[in-house]
Amino acid sequence: MAAHLPGPTPAAPSMPPGWPARIRALAAGELTPPVPKPSATVVLLRDAADGPQAYLLRRRTSMAFAAGMYAYPGGGVDPRDAEAALAWAGPSPDAWAARLGVDRATAQAVVCAAVRETFEEAGVLLAGPDADTVAPARDWSAERAALEAHQLSFAEFCRENGLVLRSDLLGGWARWVTPVFEDRRYDTWFFVAAMPPGQQAADEVGEADRVAWLTPAEAVRGCAEGRYGMLPPTVSVLRELLPVRTAREALDASAARDLAPVLGTAELAGDRMTIRWSGYEELTIDGTYPEEGPPTDDPQ
């Protein structure tokens, strides 16, 4: 379990400001949880002298979701990619369907989203002219902007540029579903990928005000010390990557990962609230949160 992994002791989690009221409303039957939107995110890894480093983006404070938090390149699934015809190398959509626990069309759309977001946000393209190579470095800024503006789907982009999607460059790592008491919910598949030779990640990203390459240990330590704000799934994946010595090793390890959904649940007893994520005891939030006045954290 994540709680027994080596590394810095996580700081006591704090309750996000809007959660207590929404948890009470949900318990009273006054809140209808939004349906989680399918999405994908990719932990892009590169090898360095002190071990693999992960590509992290600090989301702008103007963002509606996870503002100011460090995250991986990621975004929502484009339904246009679900049934689209496109050249594909590596595990087939049917194989990914079995791995991700969804139907074939959804699996294809999720994998396309993972590759698209890595390209759109990081400028790294996990696709190439054939099943054995990736596209050479070039100025793709116009294409990335068109994808970000939803002017074309990723499948259309691949067809127009004669590209083969390289699903073999991805490894499924985890699946996290936003708790029912959040106002924005996502059903997110986390993937790992190694930085392809000959490509370079973007230093500037439209949705981010900072880009950082950090080893999992650096990132986890910074989160524990309050220097890097991260949502529970982000820091948990980094903790799980602590034993990994190379990007290739992360890809190999992904084959044995359990992709059962991880979902936070809340217990309410008077003013006391306890939020738990099964298998991730270090993320537990437990405290007293009166209906009126500032909440008083009382970790147990």
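The preceding data block contains the structure.
Residues numbered from 1 in each chain as written. Predicted model: local features only at pLDDT ≥ 70, side-chain atom pairs only at ≥ 80, totals over all residues. Heavy atoms only, no water.

A. Focus on the sheet that holds strand S7 (residues 164-166). As summarised here, the arrangement of the three strands in space is S5-S7-S6, forming an open sheet in which the pairing is mixed. What marks the edges here is a single partner per strand, and that holds for strand S5 (88-89) and strand S6 (127-128). As paired elements, S5 and S7 share two bridges and run parallel to each other. For Trp88, the partnering residue across the bridge sits in S7 and is Leu165. (Pairing = 2+ DSSP bridges. Helix = DSSP H or I, 4+ residues; strand = E, 2+ residues; numbered from the N terminus.)

B. Highlighting the pairing of strand S8 (residues 170-177). With eight of its eight residues buried, S8 lies for the most part within the structure. Two strands pair when backbone bridges link them, and S8 and strand S9 (residues 186-194) are joined in this way by seven bridges, in the antiparallel orientation. Of the residues in S9, the one forming a bridge with Ala174 is Phe190. (Buried < 20%, exposed > 50% of the residue type's maximum accessible area, 1.4 Å probe, protein only.)

C. Representation of the pairing of S9 in the model. Taking burial as the measure, the nine residues of S9 include eight buried ones, the bulk of the element. Alignment of strand S1 (residues 37-48) against S9, held across nine bridges, turns out to be parallel. In the strand pairing of S9, Thr41 is matched with Phe190.

D. Fine view of the side chain of Arg166. One can find Arg166 in strand S7. On the basis of relative accessibility, which here comes to 7%, the residue Arg166 falls in the buried class. Within the structure, the side chain of Arg166 is placed 3.2 Å from the backbone oxygen of Ala131, a separation counted as a polar contact. One polar contact links the side chain of Arg166 to the main-chain carbonyl oxygen of Thr133, over a distance of 3.0 Å. Once residues within four sequence positions are removed from consideration, Arg166 is found in contact with Ala89, Leu126, Ala127, Gly128, Asp130, Ala131, Asp132, Thr133 and Val134. (Polar contact = N/O pair within 3.5 Å; in protein donor to acceptor, adjacent residues only side chain to side chain. Contact = heavy atoms within 4.5 Å.)

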